[in-house]
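Descriptive structure summary
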Amino acid sequence: MAFEEKRAWVMIVVSVVAYTIYVVTVLSRAGDGPLTDVAYAGTLLWTIGGAIVAAIVAHIAMAAAGGHGADRTDERDREINQVGERIGQSIVVIGALAAMVMAVAELRHFWIANAVYLAFVLSSVLSSFAKIMAYRKGGFQTW
């Protein structure tokens, strides 16, 4: 398995686990009260920071375990990464538009922040999934 494919798997796992921890924590704090009254900001920031640190540590561990040159990339890796990132960025744009509409509609900050966080998670997962599929299927169709 290519190093970049392993990185994509790490990003899927880290993103999903971090977001799951966030959602479970926020929902457990809500109890019988309104969800928008939950103190979510600290949990949101900690899970995002934790996901970043976990991904960095996992990438370093994979590079160290792979030995010298394990993290080298070639033209195919760069092409797959570029297309995968474009796919993921489309979700960030959709999330930003959703957040803008929510802000214009004067929704509570809770909903806007959660829409943006969900967009980041979906972007990471979709981008990584596209990369994995490209590695499994032998790349992208050239036109």
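Before reading on, note that the structure itself is shown above.
Residues numbered from 1 in each chain as written. Predicted model: local features only at pLDDT ≥ 70, side-chain atom pairs only at ≥ 80, totals over all residues. Heavy atoms only, no water.

**Examining the overall build of the protein chain**
Note the following rule: Numbering of helices and strands runs from the N terminus; a helix is a DSSP stretch of H or I covering at least four residues, while a strand is a stretch of E covering at least two. The rule is simple: take the accessible area with a 1.4 Å probe, protein chains only, and divide by the maximum for that residue type; under 20% is buried, over 50% is exposed, in between is partly exposed. Contacts were defined at the residue level, with two residues in contact if any of their heavy atoms lie within 4.5 Å. Where accessible areas are quoted, they stem from the Shrake-Rupley method and a 1.4 Å probe; at the residue level, only the protein chains shown are allowed to cover.
Secondary structure summary: the protein chain contains four helices and zero strands in total. Along the chain direction, N to C, the helices and strands of the protein chain fall in the order α-α-α-α. Projected onto its principal axes, the C-alpha coordinates of the protein chain cover approximately 50 × 35 × 20 Å. Per-residue burial over the protein chain gives 33% buried out of 143 residues. Look at the contacts in the protein chain between residues 6 or more apart in sequence, and 81% of them connect residues 24 or more apart. For the protein chain, the computed accessible surface area is about 8900 Å², with 67% contributed by carbon and sulfur atoms.

**Examining the nonpolar core**
Threshold: By nonpolar core is meant a set of buried Ala, Val, Leu, Ile, Met, Phe, Trp, Tyr and Cys residues that side-chain atoms within 4.5 Å join together.
Judged by nonpolar contacts, the single largest core of 17 residues is most densely connected at Val14, Tyr19, Tyr22, Val26, Tyr40 and Tyr117. Contributing elements (two or more residues each) for this core: helix H1 (3–30), helix H2 (41–66) and helix H4 (109–137). Per element, the largest residue contribution to this core is eight residues, and it comes from H1. Non-local contacts of tyrosine 117, meaning those with residues more than four positions away in its chain, are made with Ala18, Tyr19, Tyr22, Leu44, Thr47 and Ile48.

**Quick look at the pattern of salt bridges**
We count it as follows: The salt bridge definition used is simple: a Lys or Arg side-chain nitrogen within 4 Å of an Asp or Glu carboxyl oxygen.
All told, the structure shown has five salt bridges when counted by the stated rule. The partner of glutamate 5 in a salt bridge is arginine 136, and the shortest N-O contact between them spans 2.6 Å. Note that glutamate 5 is positioned in helix H1 and arginine 136 in helix H4, a separation of 131 residues in sequence. On the basis of relative accessibility, which here comes to 5%, the residue glutamate 5 falls in the buried class.

**With respect to the packing of H1 against H4**
To keep things clear, this is the line we draw: Only C-alpha atoms enter the line fits that serve as axes; for helices the fit covers just the stretch in contact. Angles between N-to-C directions range over 0 to 180 degrees. Reported orientations rely on four angle classes, namely roughly parallel under 35 degrees, roughly antiparallel over 145, roughly perpendicular from 65 to 115, and oblique for the rest. Crossings are assigned a handedness: left-handed for a near helix turned anticlockwise from the far helix by less than a right angle, right-handed for a clockwise turn. Residue polarity is assigned by list, with Asp, Glu, Lys and Arg as charged and Ala, Val, Leu, Ile, Met, Phe, Trp, Tyr, Cys and Pro as nonpolar; anything else, Gly included, falls into the polar class.
At a closest axis distance of 9 Å, the pairing of H1 and H4 adopts a crossing angle of 155 degrees. In this view, H1 runs roughly antiparallel relative to H4, as classed from their interaxial angle. Every pair of crossing elements has a handedness; the one defined by H1 and H4 is left-handed. Considering only residue class, the contact of H1 with H4 consists of 17 nonpolar, four polar and four charged.

**Focus on unusual backbone geometry**
Residues other than glycine seldom take positive phi values, yet glutamate 106 does so here, at roughly 60 degrees. Residue glutamate 106 is classed as exposed on the basis of its relative accessible area of 69%.

**A short note on helix H3 (residues 75–104)**
Keep this limit in mind: Here, expected helix span is obtained from the residue count minus one, scaled by 1.5 Å.
In this model H3 runs 43 Å from its N-terminal to its C-terminal C-alpha over 30 residues, within 8% of the 44 Å that 1.5 Å per residue would give. Listed as buried for H3 are Asp77, Ile80, Gly84, Gly88, Ile91, Gly95, Ala99 and Met102. Considering only its buried residues, H3 is in contact with H1 and H4. A positive backbone phi angle near 60 degrees is found at glutamate 106, which sits one or two residues after H3.

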